[in-house]
Amino acid sequence: MAERIRVGTSVVAPATGSGDAAPTAPTALPASPVRRNRPVRHPLVGLGVALASAAAFATSGAFGKSLLVGGWSPGAVVTLRVTLAALVLLGPALWSLRGRWAALRRNVWVVIGYGLTGVAGCQLAYFNAVTHLSVGVALLLEYLAPILIVGWLWARHRQAPRRLTLAGVALAVAGLFLVLDVVGGASISLVGVLWGLCAAVCLVLYFLLADHVDDDVPPIALAGGGLAVGAAALGLAGLVGVLDMTRGATSVPLGGVVVQWWVPVLVIALVAAAFAYVTGIAAVRMLGAKVASFVALTEVLFAVLFAWLVLAELPTSVQLLGGVLIVVGLVAVRADEARALPGPDALPPCADQP
């Protein structure tokens, strides 16, 4: 089968041999009205929305851990978060799918896999990690996902990384050793580290599966569908007893005060899930995926800040240095990837430009 080459929103099939008919001009897929009529926005507005999304995602660790400290199981916390967020995004997701149900049917198995791994699995593994580790360390482990993607592409598709990517991987690995404080002999929970790495693997699947969804499926529909699938899977696992759904105390410590359990639940569901997904999608459309992905790295810094304010958790100076190295390594990897891709100026006139 001839390999398809995607250019913008066009899909071009290369000639399969000299005996084939002369190739026709590439035909652009029908552009979404939202994309075609999208107003031009100031870059600073897009940057602000992207930072808001990163900050919103970062609240999940600090506010979710207050429930874990109060005796709530990670399964119960994640199920509440995903279910409430799915309900909030249900209406907007259905609205975005009007006239596009065929596209959703074509991608139904990808959406299911996305919900099981990128939504339910990733969040469950992360909350299990913060049960044993600080919020900052758990999130840094999860953000090793881009490094794992490089290794997967190298092993599976023989895409050898370039020098800048190798340098970024080396920096990230060195940073990981500092975060775990291997040399200093700090007491780090092995179970927590394994859960953090499991979250990184699920985050890899999140990126890979999201990349396999047709452009005709709106991002908000993918997010809402994934949350709905994740909520159903977690609820079923709880009903059959596979997942611990222990409910803890009705009052939990939060930021030096004691609040009702539903306060952090609303924050992690409405702010760290529903709002974060919607603003993340908006940021990608304003800035483009490459720039928005760079800004998303600030989630690590926001998470450390919220953990300090809410839980009085702050990594040691050595761990902070390791976190900086991991972020710098990820930036190097993504910069090398962005440099290898053609820019918007290289797109043909028929391609749909944002």
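**Some details on the pairing of strand β3 (residues 251–254)**
Side-chain alternation along β3 places Val252 and Leu254 on a buried face and Ser251 and Pro253 on a face that remains uncovered. Direction of pairing for β3 relative to strand β4 (residues 257–260): antiparallel, over a ladder of four bridges. Each residue of the ladder has a partner; that of serine 251, found in β4, is glutamine 260. Hairpin geometry of β3 and β4 is characterised by an intervening segment of two residues between the two adjacent antiparallel strands and by a positive phi of about 60° at glycine 255.

**Remarks on helix α6 (residues 135–142)**
Counting buried positions along α6 gives eight out of eight residues, so the element sits mostly inside the fold. Considered for burial, the residues of α6 that qualify are Val135, Gly136, Val137, Ala138, Leu139, Leu140, Leu141 and Glu142.

**Considering the pattern of salt bridges**
Scanning the entire structure with this criterion turns up one salt bridge. A salt bridge links aspartate 216 to arginine 106; the shortest N-O distance between them is 3.5 Å. Of this pair, aspartate 216 sits in the loop between α9 (190–211) and α10 (219–239) while arginine 106 sits in helix α4 (residues 101–106), and the two are 110 residues apart along the sequence. Residue aspartate 216 is classed as partly exposed on the basis of its relative accessible area, which comes to 32%. Accessibility expressed as a relative area gives 52% for arginine 106, which makes it exposed.

**Regarding the side chain of threonine 279**
In this structure, threonine 279 sits in helix α11 (residues 262–287). Here phenylalanine 275 takes part through its backbone oxygen, which lies 2.7 Å from a polar atom of the side chain of threonine 279. Within the structure, threonine 279 has its side chain in polar contact with the backbone oxygen of alanine 276 (distance 3.2 Å). Excluding its chain neighbours within four sequence positions, the residues that come into contact with threonine 279 are Val49 and Ser53.

**Quick look at the packing of aromatic side chains**
Tallied over the full model, the rule gives two aromatic pairs. A cation sits over an aromatic face here: arginine 247 above tryptophan 261, 5.0 Å from the ring centre.

**Quick notes on the state of the cysteines**
Under the counting rule described, the total for this entry stands at zero disulfides. With no disulfide partner, cysteine 122 has as its closest neighbouring cysteine sulfur the one in cysteine 202, 5.8 Å distant. Between cysteine 198, a free cysteine, and cysteine 202, which holds the nearest cysteine sulfur, the sulfur-to-sulfur gap is 4.5 Å.

**So, the environment of alanine 199**
As for its position among the elements, alanine 199 is in helix α9. Separated by 70 residues in the primary sequence, alanine 199 and alanine 129 place their C-alpha atoms 8.3 Å from one another. Apart from the residues within four sequence positions on either side, alanine 199 is in contact with Cys122, Ala125, Tyr126 and Glu142.

**Focus on helix α3 (residues 74–96)**
The end-to-end C-alpha distance of α3 is 32 Å, a good match for the 33 Å that 23 residues give at a rise of 1.5 Å each. The axis of α3 is deflected most strongly, by about 45°, at leucine 90, and proline proline 92 appears within four residues downstream.

**A word on the packing of α6 against helix α13 (residues 298–311)**
For the pair α6 and α13, interaxial distance at closest approach is 8 Å and the crossing angle is 160°. Taken as axis vectors, α6 and α13 run roughly antiparallel relative to one another. Both α6 and α13 take part in a crossing whose hand is right-handed. Each of Val135, Gly136, Leu139 and Leu140 in α6 lies in contact with α13, whose residues at this interface are Glu299, Val300, Ala303, Val304, Ala307 and Leu311.

**What to know about the packing of α3 against α10**
Here α3 crosses α10 at 145°, and the two axes come no closer than 7 Å. Handedness of the crossing formed by α3 with α10: left-handed. Mapping the contact onto sequence places Val78, Thr79, Val82, Thr83, Ala85, Ala86, Leu89, Pro92, Ala93 and Ser96 in α3 and Ile220, Ala221, Gly224, Leu227, Ala228, Gly230, Ala231, Leu234 and Gly235 in α10.

**Let's talk about the environment of leucine 171**
Along the chain, the position of leucine 171 falls in helix α8 (residues 163–179). Here leucine 171 falls in the partly exposed class, since its relative accessible area comes to 31%. C-alpha separation for the pair leucine 171 and valine 327, spaced 156 residues apart in sequence, amounts to 8.8 Å. Those residues in contact with leucine 171 that lie beyond four places of it in its chain are Leu325, Ile326, Val328 and Gly329.

**Quick word on the confidence of the model for the protein**
The predicted model of the protein has a mean per-residue pLDDT of 75, with 77% of residues at 70 or higher. Taken element by element, the predicted model of the protein shows its lowest mean pLDDT in strand β1 (residues 5–7) (35) and its highest in α3 (91). Note that residues 1–40 has pLDDT below 50 and, in this model, 40 contacts with residues that lie over four places away or in other chains. This model gives residues 343–354 a pLDDT under 50, and the stretch forms 17 contacts once residues within four places in sequence are excluded.

Rules and cut-offs
- Residues numbered from 1 in each chain as written.
- Predicted model: local features only at pLDDT ≥ 70, side-chain atom pairs only at ≥ 80, totals over all residues.
- Heavy atoms only, no water.
- Buried < 20%, exposed > 50% of the residue type's maximum accessible area, 1.4 Å probe, protein only.
- Helix = DSSP H or I, 4+ residues; strand = E, 2+ residues; numbered from the N terminus.
- Pairing = 2+ DSSP bridges.
- Salt bridge = Lys/Arg side-chain N within 4 Å of Asp/Glu carboxyl O.
- Polar contact = N/O pair within 3.5 Å; in protein donor to acceptor, adjacent residues only side chain to side chain.
- Contact = heavy atoms within 4.5 Å.
- Phe/Tyr/Trp six-rings, centres within 6.5 Å; stacked < 30°, edge-to-face > 60°.
- Lys NZ or Arg CZ within 6 Å of the ring centre and 35° of its normal.
- Disulfide = S-S within 2.5 Å.
- Expected span 1.5 Å × (residues − 1).
- Bend = angle between axes of the 7 residues up to and from the residue.
- Axes fitted to C-alpha atoms, helices over the stretch in contact; angles between N-to-C directions.
- Parallel < 35°, antiparallel > 145°, perpendicular 65-115°, else oblique.
- Left-handed = near helix turned anticlockwise from the far one by under 90°.
- pLDDT = per-residue confidence, 0-100.

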